[in-house]
Amino acid sequence: MHAAPSAALILFGATGDLARRMLLPSLFGLDAEGLLPEGFRIIGTARSALDDAGWRALAAEALGQAIDPARLTSCARDRFLARLAYVPLDVTAPGGFDALAAAAGADAERLAIFLSTAPSLFAPTVEGLARAGLAGSGVRLALEKPLGHDLASSRAINDTVATAFTEAQTFRIDHYLGKETVQNLIALRFGNALFEPLWSAAHIEHVQITVAETVGLEGRGDYYDGAGALRDMVQNHMLQLLALVAMEPPAMFEPGAVRDEKVKALRALRPFTAETAAAFSVTGQYAAGAVGGAPVPGYGEELGRPSDTETFVALIAHLDNWRWRGVPFLMRTGKRLPERRTEIAIRFRPAPHSIFAGAALQPNQLIIALQPQENIRLTLMAKQPGLDRGGVKLREVPLDVGLANAFADTRRRIAYERLLLDLIEGRPTLFVRRDEVEAQWSFVDSLRAGWAAAGMTPRRYIAGSWGPSAAIALAERNGASWRE
Ligand code: NAP
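Conventions used here
- Residues numbered from 1 in each chain as written.
- Predicted model: local features only at pLDDT ≥ 70, side-chain atom pairs only at ≥ 80, totals over all residues.
- Heavy atoms only, no water.
- Salt bridge = Lys/Arg side-chain N within 4 Å of Asp/Glu carboxyl O.
- Helix = DSSP H or I, 4+ residues; strand = E, 2+ residues; numbered from the N terminus.
- Buried < 20%, exposed > 50% of the residue type's maximum accessible area, 1.4 Å probe, protein only.
- Near = heavy atom within 4 Å.
- Polar contact = N/O pair within 3.5 Å; in protein donor to acceptor, adjacent residues only side chain to side chain.
- Areas by Shrake-Rupley, 256 points an atom, 1.4 Å probe, with all protein chains shown as cover.
- Axes fitted to C-alpha atoms, helices over the stretch in contact; angles between N-to-C directions.
- Parallel < 35°, antiparallel > 145°, perpendicular 65-115°, else oblique.
- Left-handed = near helix turned anticlockwise from the far one by under 90°.
- Contact = heavy atoms within 4.5 Å.
- Nonpolar A, V, L, I, M, F, W, Y, C, P; charged D, E, K, R; others polar.
- Pairing = 2+ DSSP bridges.
- Domains from an automatic or database assignment.
- Buried area = accessible area lost by both parts, 1.4 Å probe.

## Considerations on the pattern of salt bridges
The full count for this structure, using the stated rule, is 33 salt bridges. A salt bridge links glutamate 302 to arginine 336; the shortest N-O distance between them is 3.6 Å. Of this pair, glutamate 302 sits in helix α12 (residues 299-303) while arginine 336 is found in the loop between β12 (329-334) and β13 (341-348), placing the two residues 34 residues apart along the sequence. Across the pair arginine 448 and glutamate 310 runs a salt bridge, and its minimum N-O distance is 3.2 Å. Remark: glutamate 310 occurs in the loop between α12 and β11 (312-317) and arginine 448 occurs in helix α15 (residues 434-454); sequence separation between them is 138 residues. On the basis of relative accessible area, arginine 448 is assigned to the partly exposed category, the value being 23%. Glutamate 310 gets classed as buried once you look at its relative accessible area, which sits at 4%. Connected via shared salt-bridge partners are Arg155, Asp159, Arg434 and Glu438.

## As for the site of the ligand
Within the structure, the ligand sits among 22 residues, and Thr15, Asp17, Arg21, Arg47 and Ser48 are positioned closest to it. Interatomic distance of 2.4 Å between a side-chain N/O atom of serine 48 and an oxygen atom of the ligand. One nitrogen or oxygen atom from the side chain of aspartate 90 is found 2.9 Å from a nitrogen atom belonging to the ligand. Protein chains shield 79% of the accessible area of the ligand, which is 890 Å² for the free molecule. With three residues, the top contributor of residues to the shell around the ligand is helix α1 (residues 17-32).

## Points about the packing of α1 against helix α3 (residues 74-81)
Helix packing for two helices is described by the angle between their axes and how far apart those axes are. At a minimum axis distance of 10 Å, the contact between α1 and α3 shows a crossing angle of 115°. Comparing the axis directions of α1 and α3 gives the class roughly perpendicular. The hand of the α1/α3 crossing is right-handed. Of the residues in α3, those touching α1 at Leu24, Leu27, Phe28, Asp31 and Ala32 are Ala76, Arg77, Arg79 and Phe80. For the contact of α1 with α3, the residue count by class is six nonpolar, no polar and three charged.

## Observations regarding helix α7 (residues 180-190)
Those residues of α7 not exposed but buried are Thr181, Val182, Gln183, Leu185, Ile186, Leu188 and Arg189. Check the buried side of α7 and you find it contacts α9 (229-246), β13, β14 (365-371), β15 (375-383), α13 (403-406) and α14 (415-425).

## Comments concerning the side chain of threonine 45
One can find threonine 45 in strand β2 (residues 41-46). Reaching out from threonine 45, the side chain makes a polar contact with the backbone oxygen of valine 87 at a distance of 2.8 Å. Here threonine 45 is in contact with Ile10, Leu11, Phe12, Gly13, Ala14, Tyr86, Val87, Pro88, Leu89 and Leu100, once residues within four sequence places are set aside.

## Observations regarding the sheet that holds β13
Taken together, nine strands build an open sheet; the order of strands is β16-β15-β14-β13-β7-β12-β11-β8-β17 and the sheet is mixed. Of all the strands in the sheet, the pair left with one neighbour each is β16 (394-402) and β17 (459-462). Neighbour to neighbour, the strand axes of the sheet diverge by 20° on average, direction disregarded. Against the sheet, α7 contacts β13, β14 and β15, and its axis sits at roughly 155° relative to β14.

## Section: the packing of helix α5 (residues 122-131) against helix α6 (residues 151-164)
Relative orientation of the contacting elements α5 and α6 amounts to 5°, with a least axis distance of 9 Å. Compared by their axis directions, α5 and α6 come out roughly parallel. Of the residues in α6, those in contact with Phe122, Ala123, Val126, Glu127 and Ala130 of α5 are Ile157, Thr160, Val161, Thr163 and Ala164. The class makeup of the residues in the contact of α5 with α6 is seven nonpolar, two polar and one charged.

## Topic: the side chain of serine 446
By secondary structure assignment, the location of serine 446 is in helix α15. Here serine 446 is in contact with Pro271 and Phe272, once residues within four sequence places are set aside.

## Focus: the domain arrangement of the protein
How large an interface is tends to be reported as the accessible area lost when its parts come together. What the domain assignment reports for the protein is domain 1 (8-144) and domain 2 (177-477). Its C-alpha centre places domain 1 at a distance of 33 Å from the equivalent point of domain 2. Contacts between the two partners involve 20 residues from domain 1 and, on the opposite side, 11 residues from domain 2. At the boundary of domain 1 with domain 2, total buried surface from both sides reaches about 1400 Å², with 70% on carbon and sulfur atoms. Three residues, Ser26, Leu30 and Arg140, lead the burial of domain 1 against domain 2; their summed loss comes to 32% of the area buried on that side. Scanning the region where domain 1 abuts domain 2 turns up one salt bridge. Here glutamate 33 and arginine 413 are joined by a salt bridge, their closest N and O atoms 2.6 Å apart. Where domain 1 meets domain 2, there are four residue pairs in polar contact (both at pLDDT 80 or more). Those elements that provide at least two residues to the side of domain 1 that touches domain 2 are α1, β4 (111-115) and β5 (140-143). Looking at the side of domain 1 that touches domain 2, the element that brings in the most residues is α1, giving eight residues. Here the residues of the side of domain 1 that touches domain 2 are counted per class, giving 14 nonpolar, two polar and four charged.

Here's what the structure looks like:
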C-alpha cells in the first residue's frame with residue numbers, strides 16, 4: 001500500500017510525560033536519519049500557555065535527557081527544533097480548535113494527529129477536530145491506550161472516533177507492536193519452515209507470557225489505581241503477544257490479513273465465569289518489602305489510601321480451536337516483582353522416551369525475551385563432553401540468537417519510532433483494529449465479572465517476591481511451573 005505521507009503532525013498532550021520521554025525523542029530519531037518528509041512540521045498542543053520557543057525549550061530538555069549525546073549534535077537538534085510549533089488549547093473549551101486549524105494551514109488535509117492525552121479527552125478532541133475541518137479523508141488519527149476501561153466504554157470511544165474518522169484512518173497504539181522482538185515473532189513463525197509443524201497442541205505443552213516489573217506506581221497512582229494490572233497490561237500488551245503466538249498463518253504480511261488472523265485467535269479465547277475465574281486466576285497486591293536490596297513501601301502506602309486494586313495477576317487462558325485445544329496459556333504480570341522481565345516461553349512436549357538410562361531429559365523451550373534484553377533462545381539437550389564410562393550425561397544448552405550481536409550494525413530504535421513513522425506513512429499493520437480491542441475487552445471483562453461474582457480480592461504479596469504463593473499453585477495445578 002502506498003499512502004501519501006502526512007505533511008505535518010499534530011501532537012496532543014505535547015507537554016506530557018509520554019511526549020517528553022518517548023514521542024519527541026522518537027521524532028528526533030526519525031529526523032536525524034532523514035526519515036521525516038521534506039518540510040514536515042510538528043505542531044504541539046496542550047493547555048499550558050507556551051509559545052513556539054517555550055515548547056522548543058521543553059523539547060530540547062527532553063532530548064537532552066533521552067538521546068545519547070553522540071547523536072544529539074547541535075545541527076541535528078536545531079534542525080529538529082525548527083520543525084516545532086505550539087498552539088495552546090483546552091480541548092474541553094469550545095472554539096480553541098480554530099487556532100489549530102490556522103496553524104495547520106494548507107496541510108489540514110494531510111495531517112497525522114496523535115492523541116497522547118487521557119481517553120476522557122478523546123471525545124471532545126475528535127468533535128473539535130471535526131468542527132475545525134481537521135478530520136478530512138487524508139487525516140490519520142493515532143490513539144494512545146487505554147482505550148476505555150471495559151468493553152462498553154471502549155465501544156463508546158470507538159463510536160465517537162468513528163463519527164469523524166473511518167477505521168482505515170484510525171491507528172490504535174499498542175507500543176509493544178513497535179518492538180523489534182515482537183515483530184520478530186512473526187518473522188520467526190512465518191519466515192522459517194521449522195516451527196510451523198510443531199506449533200500446536202500436538203507438540204506444545206504450554207505457553208507462558210510474563211511481564212514483570214520491579215517498579216511501583218512511579219507517580220502515576222491515580223491512573224493505575226483506576227486501572228489495575230489486568231487492564232494496564234493484560235488487556236492490551238499481553239493479549240497482543242498471545243494473539244501473535246496463537247494466530248494462524250496470514251496469507252500475506254498485509255494489514256488486513258495479519259489483523260484478521262489475530263482477531264480470530266482473540267475471539268477463540270474462552271470467556272471466564274465465576275467458577276473458572278476462581279479456578280484459573282489469582283490476583284495480588286504488593287505489601288512492603290524489598291526490591292533489589294532496597295526497602296519499598298506497600299501499595300496502599302505508596303498510593304496514600306487503602307485500595308483493592310490488583311498489582312499482580314496470573315491467569316490461565318484457553319483457546320477453543322483445533323490448534324490450541326487443551327494447551328494452557330499461562331500469563332502473569334505484576335509490579336514490585338524481583339526483576340524486570342518480559343518474555344514469551346513456548347514449552348514443547350517432552351521426548352516420548354529416553355534412551356539414556358538415568359539422564360533426565362528437559363523439554364525443549366523457545367524463549368522470546370523482550371526485556372531487559374531482546375533475544376531468542378531455543379533450549380536443547382546436548383551431550384556433556386566426556387568418556388561416558390558411567391553412562392551418557394546430557395545437559396540443557398541454549399541455541400541463542402542474541403539480536404544485539406546478530407544485528408550489531410543496526411541501531412536499536414524506540415518502539416515509538418517505528419509506530420510514528422508507520423502513522424506518518426500510512427501503514428496500519430502494527431496498529432490494533434477495533435475488533436481486536438473489543439475482543440480483548442470481552443475476555444478481560446469476563447474475568448473481572450468472574451472476580452466480582454466469586455468475591456475475589458487481591459491477596460497480599462511481599463514486594464520483591466514473585467507474587468502470591470497461590471500463583472505458584474495455579475501453575476502447578478495446570479501441569480506447569482513458572483520460569484524463574
Ligand atoms: P500526562 O503526563 O498527564 O500528560 C497529559 C497531557 O495532556 C499533558 O500534555 C497535558 O498538558 C494535556 N492535557 C490535559 N488536559 C488537557 C485539556 N483539557 N486540553 C488539552 N490538553 C490537556 O500523561 P502521559 O503520561 O503523557 O500520558 C498520555 C497518554 O498516554 C495517556 O492516555 C496515557 O494513559 C498514555 N500512556 C502513557 C504512558 C507513559 O509512559 N506516560 C504509557 C502508555 C500510555 P497541560 O496540562 O499543559 O494541558
